[in-house]
Amino acid sequence: MLQVNNVSHSYGRRSWLSRSGTSPRVLTDISLEIGEGCCLGLLGTSGAGKSTLGKIILGLERPARGQVIFQGHDLYNTDRTTLRKLRRDLQVVFQDCYSAVNPLMTAAQIIGEPLGNYERLSPAEQQHRIGELLEQVGLTAEDGSKHPHQFSGGQLQRVNIARAIALKPRMIVLDESVSSLDMVNQSHILNLLAELQSVHQLSYLFITHDIRAALTLCDRMVVMDQGKIVHEADTGESILESEHPAVRQLAAAVLPEHPSRRIAWDRLDETEQQSADEYSSFGRK
Amino acid sequence: MKWHAAFKGQRMILICSLAVLVFFGVALLAPWIAPHNPVKVDLLQKLKGPSMDHWLGTDHLGRDQLSRLIYGARISLGFAAMIFVSSLLIGIVVGAVAGYVGGWVDSILMRLCEGIMAFPNLVLVLGIVGIFGPGLMQVLLALMMVQWVYYARICRNMVVSLKERNFIAAARISGSSTWSIIRRHIIPNVQRPIVVIGTLEMGWAIMDISALSFLGLGIQPPNAEWGAMIHEGTSYIRSHPELMIYPGLLILIVVMVFNILGEALSDKYGIAKR
């Protein structure tokens, strides 16, 4: 369904007054594949380049090199009409739910935007569809008239999910979609995502730094570190056996249910334990 | 401090908005409100003090002072509003395009703005009026050409920061075109601060028009305009200072009302002033 072939990218500062030559590499030679109805977890610490890769896959940022092939078309080398059709099948849910919605719009307007762009519905039909979508994500049709600031974080993330599934896409990129929520909401949203996946036959690219969240949803995982894929695991559990320092750090950063016992904690040396600690507290703010 | 605090908040916004409405109402209804023809010369009545017939007296050509002030409001407020609206529209569109499209389009438009901002406003306006000749339309055009840059720059910077917000990316992914993103997401989100800043600028526009008319570049006699009236009154500053005081006071009050309104609005919406 989606193939990423040898993508490299760097953020160059380019303007017509200054043209700096060298720029830091963000991604180096990334290749991955996501099949129909699969969920691929993309793990990595912050700065590993996962969000950049997410942007590239979404068609928002042209990679310096490489291809992104979605449903047999190269996203960055196709005509407008095809791209428009492809966009419809490739949606997104962002991490920060508050910045992902226009604060001046109501939930119904937010969800109605993709519908208005692709489907010509009468106002009554549109309202009906929006009501259905809101109910699908566990809200009520009356919530449609609310503005973003009237929702809690978890509810607003549901609105974002409703917008993402409005067009019945084939694939959704979940860019840290649950990371800014508390534990209870995280598990609710993860359950909702799993349910939607089986109902709509969706593929997910689940970008996260939280191994445990990835374990609940994903059937394959890749780990990125400093712009490279350092580890691939075909089954979720096998990732915990990896010896790569980046993977071990991620695994150890997960806070356990019982404070005395952390997954893979013993296998880190002292400095690694320290940075894992910092990392786990960072992700949960 | 207490005095300043009293000029903030909801009540102040209401009072100032009402005052602005009254000013514009008077300007619009001038032909029905004004007791006399503002340009009718009556040399027998010149430089008269206040009377039942002429509430604020007459000027050096025997024209009714009150009627001239009322008609003057049409020019001062009307043209200030026109400058406000037109430069706002140009500024928002240019700023939104520059900020959203970015790259060389942004660079060219912003260098143009900086070029215009590098000159003192009055010098630029004098230059433009010098080229096209004196007259109200020329002044209007000149002020419009220098005012839009401020809106454009503010708008552009806001758009650049808005662009980082994810809802713009989400809108693109939902299939919205560039133009509909600018229209639906960008402009509504920059509107409010821009209008607040615009209210402050409105006071400046009134001052600019009056200043240029005072210099004889704006409205041409015998039409009434506050700045021009002050100019006409200068010859009688010793014997009849009220000829300058009335229009001067009006300019002061109107500009103050706009400034206080702008301040109150920006406090309410928490917008930093430039």
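Remember, it's a predicted structure, so these values are computed and weren't measured experimentally.

S.K.: Before we move on, can you summarise the interface of chain B and chain A with the specific residues and values?
M.R.: Taken together, the contact pairs 16 residues of chain B with 21 residues of chain A. Breaking the side of chain B that touches chain A down by element, the ones donating at least two residues are helix 5 (103-118), helix 8 (166-173) and helix 9 (178-214) of chain B. Among the elements that take part in the side of chain B that touches chain A, helix 8 of chain B stands out by supplying seven residues, more than any other. Among the residues making up the side of chain B that touches chain A, the classes are represented as seven nonpolar, seven polar and two charged.

S.K.: Quick rundown of the pairing of strand 4 (residues 65-70) of chain A? Include the residues and the values.
M.R.: Residues and elements named next belong to chain A. Looking at chain direction, strand 1 (residues 2-10) and strand 4 are connected through five bridges and run antiparallel. Within strand 4, the position partnered with leucine 2 by the bridge is phenylalanine 70. With two bridges connecting them, strand 4 and strand 5 (residues 73-74) associate as antiparallel partners. By the bridge assignment, isoleucine 69 is partnered in strand 5 with aspartate 74. Between strand 4 and strand 5, which pair antiparallel and follow one another directly, the connecting turn spans two residues, one of which, glutamine 71, has a positive phi of 50°.

S.K.: Would you mind going over the sheet that holds strand 2 (residues 25-34) of chain A in detail, with residue names and values included?
M.R.: Residue and element names in this part refer to chain A. Ordered by their spatial adjacency, four strands build an open sheet running 2-1-4-5, and the pairing between neighbours is antiparallel. Looking at the sheet topology across the chains shown, the edges are occupied by strand 2 and strand 5. The pairing of strand 1 with strand 2 spans six bridges and is antiparallel. Note that in strand 2 the partner of histidine 9 across the bridge is leucine 27.

S.K.: If you had to explain the sheet that holds strand 3 (residues 39-44) of chain A to someone new, which residues and values would you point to?
M.R.: Residues and elements named next belong to chain A. Pairing in this open sheet of six strands is mixed, and the strands run 6-7-8-3-9-10 from one edge to the other. The sheet terminates laterally at strand 6 (90-93) and strand 10 (228-233), the two strands that pair on one side only. Averaged over all adjacent pairs, the angle separating strand axes in this sheet is 20°, with direction ignored. Alignment of strand 6 against strand 7 (residues 171-175), held across four bridges, turns out to be parallel. Within the sheet, the bridge partner assigned to valine 92 lies in strand 7 and is valine 173. In the packing of helix 8 (residues 245-253) onto the sheet, contacts are made with strand 3, strand 9 (220-225) and strand 10, and the angle to strand 9 comes to roughly 110°.

S.K.: Let's hear about unusual backbone geometry: which residues, and what values?
M.R.: Residues and elements named next belong to chain A. Positive phi, close to 50°, is recorded for lysine 168, a residue that is not glycine. Along the chain, lysine 168 turns up in the loop between helix 5 (153-165) and strand 7. For lysine 168, a count of 11 C-beta atoms within 10 Å gives the class exposed. A positive phi is found at glutamine 201, a non-glycine position, where the angle reads about 55°. As for its position among the elements, glutamine 201 is in the loop between helix 6 (183-200) and strand 8 (203-208). Look at glutamine 201 and you get exposed, because 11 C-beta atoms sit within 10 Å.

The rules behind each value
- Residues numbered from 1 in each chain as written.
- Chains lettered and ligands numbered in written order.
- Predicted model: local features only at pLDDT ≥ 70, side-chain atom pairs only at ≥ 80, totals over all residues.
- Contact = placed C-beta atoms within 7 Å.
- Helix = DSSP H or I, 4+ residues; strand = E, 2+ residues; numbered from the N terminus.
- Nonpolar A, V, L, I, M, F, W, Y, C, P; charged D, E, K, R; others polar.
- Pairing = 2+ DSSP bridges.
- Axes fitted to C-alpha atoms, helices over the stretch in contact; angles between N-to-C directions.
- Buried ≥ 20, exposed ≤ 12 C-beta atoms within 10 Å, placed from the backbone.

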